[in-house]
Amino acid sequence: MAAAGLAAGSLATGAAAQTGFSEGYKFLESVKKKEGEEVEQAIMSTPLIVNSRDVTSGETALHIVVQRRDITWLRYLVQKGAEPNLADDHGRTPLQQAVNLGWRDGAIYLIENGARTNDSNDAGETPLISAVHRRDTELMKALLKAGADPSRTDNSGRSARDYAELNGKDSYLVKVIDDNVTEGASKNSKPVYGPTF
């Protein structure tokens, strides 16, 4: 009898746990499943829900849609107030993620909508350093024109310029940096170590 009561109690607890998900969790699940109506209703009733974070990873809805390279959902969420500079638990912003994926359309849209180009992840890597590692000159140009600093160093002490120079001081990657660096991101700016807040 006691066992039956214990089993009934654990079933009730399990059912309560399933129905007790936070609104933020439900919102992120709806974004993952592309449930447009549910997402729209959640944002209409609680506008700040658009910046909900996954408690296990720190990912936001923007991280989710960048991962699947979904420009339609990216535009929708940004227009609804999604913050493009929120980082996950590893310091990766949606821009950093888009650059890592080589998703130019998403990265450029994020830049055009306020994504900071010099934010770094836990390793101190900026989106520009990631673009240099990928040898993605189009993303490098977009980031540099938006003010990315080629002298900003990662946790190892190397900058995007340093990584570009590994192919020789006259390499095409160095030329892209020199031709596209903005005045605000000087070649000789003081190095900044670690993530920015």
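Residues numbered from 1 in each chain as written. Predicted model: local features only at pLDDT ≥ 70, side-chain atom pairs only at ≥ 80, totals over all residues. Heavy atoms only, no water.

Per an unreviewed UniProt entry, the chain is named Ankyrin repeat domain-containing protein, and its organism is Novosphingobium mangrovi.

**Some thoughts on helix H8 (residues 127-134)**
Owing to its 3.6 residues per turn, the α-helix aligns residues three or four sequence positions apart on the same side. Where burial is concerned, most of H8 is hidden: six out of the eight residues are buried. Along H8, the positions that sit buried rather than exposed are Pro 127, Leu 128, Ile 129, Ser 130, Ala 131 and Val 132. Looking at the buried positions of H8, the neighbouring elements they touch are helix H6 (94-101), helix H9 (137-145), helix H10 (160-165) and helix H11 (172-180). Looking one or two residues past H8, Arg 135 carries a phi angle of roughly 60°, positive in sign. (Buried < 20%, exposed > 50% of the residue type's maximum accessible area, 1.4 Å probe, protein only. Helix = DSSP H or I, 4+ residues; strand = E, 2+ residues; numbered from the N terminus. Contact = heavy atoms within 4.5 Å.)

**Focus: the environment of Ala 131**
Checked against the element boundaries, Ala 131 lands in helix H8. Residue classification places Ala 131 among the buried positions, given a relative accessible area of 0%. Put simply, Ala 131 and Leu 101 are 30 residues apart on the chain and 9.7 Å apart in space, counted from C-alpha to C-alpha. Aside from chain neighbours lying at most four places away, what touches Ala 131 is Val 99, Asp 136, Leu 139, Met 140 and Leu 143.

**Observations regarding the UniProt feature "repeat: ANK" (unreviewed entry) in the chain**
Annotation from UniProt places "repeat: ANK" (unreviewed entry) at residues 57-89, 90-122 and 123-155. From the first C-alpha to the last, residues 57-89 spans 6 Å; its make-up is 48% helix and 0% strand. Helix makes up 52% of residues 123-155 and strand 0%. Its end C-alpha atoms lie 6 Å apart. (UniProt positions renumbered as here; feature names shortened; annotations may be inferred.)

**So, the packing of helix H3 (residues 36-45) against helix H5 (residues 71-79)**
A pair of packed helices is characterised by two quantities: the angle between their axes and the separation of those axes. The interhelical angle for the contact between H3 and H5, taken along N-to-C directions, is 15°, at an axis separation of 12 Å. With respect to each other, H3 and H5 are oriented roughly parallel. Between H3 and H5 lies a crossing whose hand is right-handed. The residues of H5 that touch H3, namely those facing Gly 36, Val 39, Glu 40 and Ile 43, are Trp 73, Tyr 76 and Leu 77. Here the contact of H3 with H5 is built from residues that sort into five nonpolar, one polar and one charged. (Axes fitted to C-alpha atoms, helices over the stretch in contact; angles between N-to-C directions. Parallel < 35°, antiparallel > 145°, perpendicular 65-115°, else oblique. Left-handed = near helix turned anticlockwise from the far one by under 90°. Nonpolar A, V, L, I, M, F, W, Y, C, P; charged D, E, K, R; others polar.)

**Considerations on H6**
The buried count for H6 comes to seven of eight residues, which makes it a mostly enclosed element. Turning to H6, its buried residues number three or more, namely Pro 94, Leu 95, Gln 96, Gln 97, Ala 98, Val 99 and Leu 101. Where the residues of H6 are buried, they touch helix H4 (61-67), helix H7 (104-112), H8 and H9.

**Description of the packing of H7 against H9**
Interaxial distance between H7 and H9 falls to 10 Å at its minimum, and their mutual angle equals 0°. Put simply, H7 runs roughly parallel to H9. Where H7 approaches H9, its residues Arg 104, Ala 107, Ile 108 and Ile 111 are matched on the opposing element by Glu 138, Leu 139, Ala 142 and Leu 143. In terms of residue class, the contact of H7 with H9 is made up of six nonpolar, no polar and two charged.

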